Amino acid sequence: MSIVRVAVVDYGAGNLVSIGQALAAVGADVTFLRDGSEPLDADALVVPGVGAAAPAMERLRARDLIEPILDWIAAGRPFLGICLGLQLLFEASDEDGATTLGVIRGRTTELLEAPTLPHIGWNQVVRRRPHPLFEGIAEDADFYFVHAYAGRPDPAVEASVVLAETVHGRPFVSAIATGPLFGVQFHPERSGTDGLRLMANFAALARVGVREAAGSAG
Amino acid sequence: MLRRRVIPCLDVADGRVVKGTRFVDLTDEGDPPELAERYADEGADELVFLDISAAPQGRATLLEIVERTARRAFIPLTVGGGVRSMEEMRDVLRAGADKVSLNTAAVADPALISRCAARFGRQAVVVAIDARRVPAAGEGEDEPRWEVLVRGGRDTTDRDALAWAGRAVELGAGELLVTSIDRDGTQSGFDTRLLRAIASHVPVPVIASGGAAGPADFVAAIVEGGADAVLAASIFHRRIHTIAAVKAAMAAAGLPVRAIPGIVA
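In this text, all values refer to a predicted model and were calculated from it rather than measured experimentally.

Q: I would appreciate a short explanation of the pairing of strand E10 (residues 175–180) of chain B in the present structure.
A: A regular strand places its side chains on the two faces of the sheet in alternate fashion. Residues and elements named next belong to chain B. Counted residue by residue, E10 has six buried out of six residues, so it is predominantly covered. Along E10, one buried face is formed by Glu175, Leu177 and Thr179 and the opposite face, lined by Leu176, Val178 and Ser180, is buried too. Bridge analysis of strand E7 (residues 125–134) against E10 gives six bridges, and the strand direction is parallel. By the bridge assignment for E10, Val126 is matched with Glu175. Of the crossover connections in this fold, the one passing from E10 over helix H7 (residues 192–199) to the parallel strand E11 (residues 206–209) is right-handed.

In structure tokens:
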């Protein structure tokens, strides 16, 4: 079995060390993509990130990273957005009005009726459908969250996009999966053994080709 | 439902975990990454490293152990103790920490909180508040007041703890780590009135610290104090109580806790 090569986008936002360490711990070969002019030679692309959308988009733009990311997704290649990396897939963010990547119809909105904000800590990720991304992970497993906003898909695409939800006040979308495009609002790199398992599952999906795997387990 | 967190705090001096009453009678307790991994395995929801290095080179050693810890313990790590600037915060985050707690430096320069929050996101900024009860001014004074202490609880300030908590959150603190200096090291339980006063005053999560003796104290910090998370050092290091025992007591009290990996509830 060949080693899966994962490129992690480094645009100065987020805990790259722990994401790199977690991917390495599950056997992936990790490289960091710091500029759009660098070659993107990998089996999977990960966009991490914490914080607000506008400065993140600004930094992606300054490093010419927006086009390579959009091209990668358009080519149907394996992609994982983590936290802000998931939120950026939507069209815009209420947090600061930023226009984001627009890969998924919908926008990022503040968590509604949340008892505490930000939503920090471990919470249950309730799956709406079975998916190999969560293979080997208990149905009621907890993952670690740190955020105040979350992506809300347009009702027209909701059913095909939403993979899991989490309750903090009103339920919000905590994982999406559509073909080879994945996103999680929680931090798998900080979610102990279950988080590592999810990273390993993503790496395995990237290795075998996401379409086939999703089709067979779907 | 959001779980209530149990957080062991490791006092780190010059690259080693030490125990003792914060700054005196320190005894060597081992390698921080090794202990961090052990706590992660035992069900810790998060870890805090408090740097109490005496030597100037302690900071460089700290960054190295944060990096080694990030490689072994895949749970969130907060680093505090003497972080004075955005540059220092950046270095600690780059080494692999998820959050940095600011204390004395934030009191001296509150704008540091907003600068760090703007640069790294408020989720990465924990403001640690060391609070001490102010003796009642006179008869019939019902509502207690607390003052903010700095430099590890050694120096007083004129700040009111409740007002400072509100201000810190306004400026961008994503979490507050509230330590009762009256209770710290005394094993007489958390100051639940202090916790309640602050938790009901701010929207962000409050981490309770100072005074834990047994599992019942953790439950009280959450139920009576309104804390989202509870932190303790010596009772875990000395193996007086396990994280599992604390979580079992919390679960028995009806509080949502994360299952310990590998243990079926």
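On we go.
Q: In this structure, what is going on with the sheet that holds strand E6 (residues 106–110) of chain A? I would like to understand it.
A: Note: strands within a sheet are paired through backbone hydrogen bonds, in either parallel or antiparallel orientation. Residues and elements named next belong to chain A. The three strands lie next to each other as E5-E6-E10, forming an open sheet whose pairing is mixed. Two strands in the sheet have a free side with no partner beyond their single neighbour: strand E5 (92–93) and strand E10 (149–153). Here E5 runs beside E6; their pairing, made up of two bridges, is parallel. Each residue of the ladder has a partner; that of Ala92, found in E6, is Arg107.

Q: Could you clarify how one ought to interpret the interface of chain A and chain B in this entry?
A: Put simply, an interface is often sized by how much accessible area is lost when its parts join up. With 29 residues of chain A at the contact, the number on the chain B side is 30 residues. Of all the secondary-structure elements, those providing two or more residues to the side of chain A that touches chain B are helix H1 (16–25), strand E7 (119–124), strand E9 (142–147), strand E11 (162–168) and helix H6 (192–208) of chain A. In terms of residue count, the dominant contributor to the side of chain A that touches chain B is E7(A) (six residues). Its residues assigned to classes, the side of chain A that touches chain B comprises twelve nonpolar, 14 polar and three charged.

Q: Looking at this structure, I do not really get the environment of B:Ala221. What am I missing?
A: Residues and elements named next belong to chain B. Tracing the chain through its elements places Ala221 in helix H8 (residues 215–223). Take Ala221: there are 33 C-beta atoms within 10 Å of it, and that puts it in the buried class. On a C-alpha basis, the gap between Ala221 and Ser209 in space is 9.0 Å, while along the polypeptide they are twelve residues apart. The contacts of Ala221, once residues within four sequence positions are left out, are Phe190, Thr192, Leu195, Ala208, Ala227 and Val230.

Cut-offs used in this document
- Residues numbered from 1 in each chain as written.
- Chains lettered and ligands numbered in written order.
- Predicted model: local features only at pLDDT ≥ 70, side-chain atom pairs only at ≥ 80, totals over all residues.
- Buried ≥ 20, exposed ≤ 12 C-beta atoms within 10 Å, placed from the backbone.
- Helix = DSSP H or I, 4+ residues; strand = E, 2+ residues; numbered from the N terminus.
- Pairing = 2+ DSSP bridges.
- Right-handed = clockwise from strand over helix to strand, strands pointing away.
- Contact = placed C-beta atoms within 7 Å.
- Nonpolar A, V, L, I, M, F, W, Y, C, P; charged D, E, K, R; others polar.

By themselves, these are just geometric observations and shouldn't be taken as functional.
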